[in-house]
Amino acid sequence: MDTTGIIYVVPPDSLFLSDSLPTPLHGWQQALEGFAANGITPDTIAENPIAHRFVTSQFAPATRILPEPLVHNYSQWQLLTLGGALLIVSILRLTQKNFFTNIWRSLTSRPLFRQLYRAGDLFTPGSAVLLFVASLLVYTTFVFQWDEVYHFLWFLNPMPLYQQVVAVTIAIAIILLTKRWLMRLIGFIFKNNSLVREYLANTRFMNQVATLFLIPFLLFSLYSTSLMPLLAASIVAFAIFLFRLFRSILIGFESRKYSHYQNFIYLCGLEILPVIIVLKIITG
């Protein structure tokens, strides 16, 4: 029995280009004639698109996606410096009894600070070097994170990165050690070593507190696209500086050898002037 199949010829995109259904044609020859009669080819469809479509007439225009390359983080070395500072803090926590408790008690009460300092419970032998190294690591990371924002270390750009880090670390160490040796010299000249030792202990203690408080903020800032963690770290550092300045004023006022004017000159020369110089360098 001779049967003839019925083929529904659907030209390309014709179902979406019109509101009518395709008509049946008989045989492959008729199908080709249907294509030719309608004059529909892929080229004509691309050149003469029909505005009204059967299905997609109400669809919104396609969304264009503009891919952007991922920015590589070149500050992974900061993770090592902050990790090293955390390791030092962990070692001190394991080797010293009531490490964090003594810090909190000394921070909230000045008489307790003096008592723990005189008893030798605040700084154990050998911890001074470790605390100094931890402070250098944290302060260096702090400086470079602000440099990524304002680029005030432009004069170090010709140097490799590791040399820039070493140079900034040495500069911070020189500033801290010079101030310490200068205070010792002042205590020797004016024969007031006990007062100077208490002042240096207060400075070392506040550097320790600043190190502990800055580490979490700097770690969060390392992977944050916002400046909020870095600004928060700066506010915390400034608050600790003011608190250290207040404690230093109290130590100076306890000595009857010097007038208030002499204490004010000291504060301007050894406390406020270095901060102004650093801010001047940062702001250009």
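### Considering helix H6 (residues 110–119)
Note on helix geometry: an α-helix contains 3.6 residues per turn, so any two residues three or four positions apart are oriented the same way. Burial in H6 covers these residues: Arg 110, Phe 113 and Leu 116. Each buried residue of H6 lies within a common arc of 125° when the element is viewed along its axis, so the set occupies one face. For H6, the exposed residues set more than 90 degrees away from the buried face come down to Pro 111, Arg 118 and Ala 119. On its buried face, H6 sits against helix H5 (99–108), helix H9 (193–222) and helix H10 (228–253). Remark: Gly 120 follows H6 within two positions and exhibits a positive phi of approximately 80°.

### Structural notes on a nonpolar patch on the surface
On the surface, a nonpolar cluster with roughly 470 Å² of combined accessible area is contributed by Val 149, Tyr 150, Leu 227, Met 228 and Leu 231. At the level of secondary structure, the elements contributing two or more residues to the nonpolar patch comprise helix H7 (127–150) and H10. When you line up the elements, Leu 227 lands in the loop between H9 and H10. Accessibility expressed as a relative area gives 39% for Leu 227, which makes it partly exposed.

### Brief notes about the packing of aromatic side chains
Taken as a whole, this structure holds six aromatic pairs when the rule is applied. Between Trp 77 and Phe 144, the aromatic rings sit 5.1 Å apart at their centres with planes inclined by 85°, giving edge-to-face as the arrangement. Linking Trp 77 in helix H4 (residues 76–95) with Phe 144 in helix H7, this pair joins segments that are 67 residues apart in sequence. Note on Phe 113 and Phe 205: the rings are 5.5 Å apart at their centroids and 45° apart in plane angle, and the pair reads as tilted. Of this pair, Phe 113 sits in helix H6 while Phe 205 sits in helix H9; the two residues are 92 residues apart in sequence, bridging distant segments of the chain.

### Things to note about the nonpolar core
One finds Phe 142, Phe 205, Leu 214 and Leu 218 to be the most contacted residues of the largest nonpolar core, which totals 40 residues. Those elements that place two or more of their residues in this core are H4, H5, H6, H7, helix H8 (161–189), H9 and H10. In this view, Leu 218 contacts Leu 82, Val 138, Thr 141, Phe 142, Gln 145, Leu 230 and Ala 233; residues no more than four positions away in its chain are not counted.

### Examining the environment of Arg 247
Here Arg 247 is to be found in helix H10. The class of Arg 247 is buried, set by a relative accessible area of 4%. For the pair Arg 247 and Asn 202, spaced 45 residues apart in sequence, the C-alpha to C-alpha distance is 7.5 Å. Not counting residues up to four positions away in its chain, the partners in contact with Arg 247 are Ser 106, Leu 107, Ser 109, Arg 110, Phe 113, Asn 202 and Met 206.

### Let's talk about the side chain of Lys 179
Inspection of the secondary structure assignment puts Lys 179 in helix H8. For Lys 179, the side chain forms a polar contact with the side chain of Tyr 199, separated by 3.3 Å.

### So, H7
Here H7 spans 35 Å end to end across 24 residues, near enough to the 34 Å set by a 1.5 Å rise per residue. Where H7 terminates, the next one or two residues include His 151, which has phi positive at roughly 55°.

### Quick notes on the pattern of salt bridges
Tallying each qualifying case throughout the model produces two salt bridges. A salt bridge links Glu 198 to Arg 110, with the shortest nitrogen-to-oxygen separation between them at 3.5 Å. Highlighted residues: Glu 198 in helix H9 and Arg 110 in helix H6, separated in sequence by 88 residues. Residue Glu 198 is classed as buried on the basis of its relative accessible area, which comes to 8%. Arg 114 serves as the salt-bridge partner of Glu 198, at 3.1 Å between the closest nitrogen and oxygen. Pair noted here: Glu 198 is in helix H9 and Arg 114 is in helix H6, with a separation of 84 residues, a long-range link. A cluster of three or more residues bridged by salt bridges with shared partners is formed by Arg 110, Arg 114 and Glu 198.

### Regarding the side chain of Gln 78
Locating Gln 78 in the fold gives a position in helix H4. There is a polar contact of 3.1 Å between the side chain of Gln 78 and the side chain of Gln 145.

Calculation rules
- Residues numbered from 1 in each chain as written.
- Predicted model: local features only at pLDDT ≥ 70, side-chain atom pairs only at ≥ 80, totals over all residues.
- Heavy atoms only, no water.
- Buried < 20%, exposed > 50% of the residue type's maximum accessible area, 1.4 Å probe, protein only.
- Helix = DSSP H or I, 4+ residues; strand = E, 2+ residues; numbered from the N terminus.
- Arc of directions from axis to C-beta.
- Contact = heavy atoms within 4.5 Å.
- Patch = residues over 30% accessible without salt bridge, like charges linked within 9 Å, V, L, I, M, F, W, Y side chains within 5 Å.
- Areas by Shrake-Rupley, 256 points an atom, 1.4 Å probe, with all protein chains shown as cover.
- Salt bridge = Lys/Arg side-chain N within 4 Å of Asp/Glu carboxyl O.
- Phe/Tyr/Trp six-rings, centres within 6.5 Å; stacked < 30°, edge-to-face > 60°.
- Core = buried A, V, L, I, M, F, W, Y, C linked by side-chain atoms within 4.5 Å.
- Polar contact = N/O pair within 3.5 Å; in protein donor to acceptor, adjacent residues only side chain to side chain.
- Expected span 1.5 Å × (residues − 1).

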